[in-house]
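The chain contents come next:
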Amino acid sequence: MTDKLAKQLLEAAADFEHFAPEEVKAYLRRAAIRISNAQRPRNNIILLSEVSEVMSDYAEQQNLTIDEAVNAALLDWASARGMIEIQDLGDEEE
């Protein structure tokens, strides 16, 4: 973690009393996600617990797997922003 997050964590540790608890909490959460991601094989996704709950509810309502629900949400998001066109997906979505 020799990047911006590592620097922020070190600064917070060195001058803890000058950081808001919410700020330190955010740094620690980001660090925990990074560490967790580093321990998992690539192409696995770790969702924040709040996002996971929303996606699980959506998957259940739509009768989808969690992977299908996450893909549907990301496709909606990306297509709404012009980042991808549904017809570009090829045969995989048919």
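Residue positions are given per chain, counting from 1 as you read along its sequence in written order. Side-chain atom pairs in this predicted model are given and counted only at pLDDT of 80 or more, local residue features only at pLDDT of at least 70, and totals for whole chains, interfaces and linings cover all residues. Only heavy atoms go into the side-chain values, all of them from the structure, while hydrogens and water stay out.

With that out of the way, let us pick up the pattern of salt bridges. Note on definitions: salt bridges are taken to be side-chain nitrogens of Lys or Arg within 4 Å of carboxyl oxygens of Asp or Glu. One pass over the full model with this rule turns up 1 salt bridge. Residue Arg29 is joined to Glu50 by a salt bridge in which the shortest nitrogen-to-oxygen separation is 2.8 Å. Here Glu50 lies in helix H3 (residues 49-62) and Arg29 lies in helix H2 (residues 21-38), a separation of 21 residues in the sequence. For Arg29, a relative accessible area of 39% gives the class partly exposed. The way it works is that DSSP assigns letters per residue, a run of H or I at least four long becomes a helix, a run of E at least two long becomes a strand, and they are numbered from the N terminus. The cut-offs for exposure are 20% and 50% of the maximum accessible area for each residue type, with area from a 1.4 Å probe on protein chains only; residues under the lower value are buried, those over the upper are exposed, and the others partly exposed.

Here the focus is helix H4 (residues 66-80). A helix's residues, less one, multiplied by 1.5 Å, set its expected span. The first and last C-alpha atoms of H4 sit 21 Å apart over 15 residues, in line with the 21 Å expected at 1.5 Å per residue. Taken together, the buried positions of H4 are Ala69, Val70 and Ala78. All buried residues of H4 fall inside an arc of 160 degrees around its axis, so they share one side. In this description, contact between two residues means that some pair of their heavy atoms is separated by no more than 4.5 Å. Structurally, H4 contributes buried residues whose contacts are with H3. One or two positions beyond H4, positive phi appears at Gly82, with a value near 70 degrees. What the arc describes is the spread of directions from the helix axis to the C-beta atoms.

Right, let's get into H3. Its 14 residues place the ends of H3 20 Å apart at the C-alpha level, agreeing with the 20 Å of an ideal helix rising 1.5 Å per residue. Phi for Asn63, located one or two positions after H3, is positive at around 60 degrees.

Right, let's get into the nonpolar core. In this structure, Leu5, Ala12, Phe19, Val24, Tyr27 and Ala31 together form the largest nonpolar core, which totals 6 residues. Of all the secondary-structure elements, those providing two or more residues to this core are helix H1 (4-14) and H2. A per-element tally of this core places H2 first, with 3 residues. Those residues in contact with Leu5 that sit more than four places away from it in its chain are Tyr27, Arg30, Ala31 and Arg34. In this description, a nonpolar core means a group of buried Ala, Val, Leu, Ile, Met, Phe, Trp, Tyr and Cys residues linked to one another through side-chain atoms lying within 4.5 Å.

Before going further, it helps to examine the side chain of Gln8. Along the chain, Gln8 falls in helix H1. Look at Gln8 and you get buried, because its relative accessible area is 13%.

Limitation: the analysis is restricted to geometry and does not speak to function.
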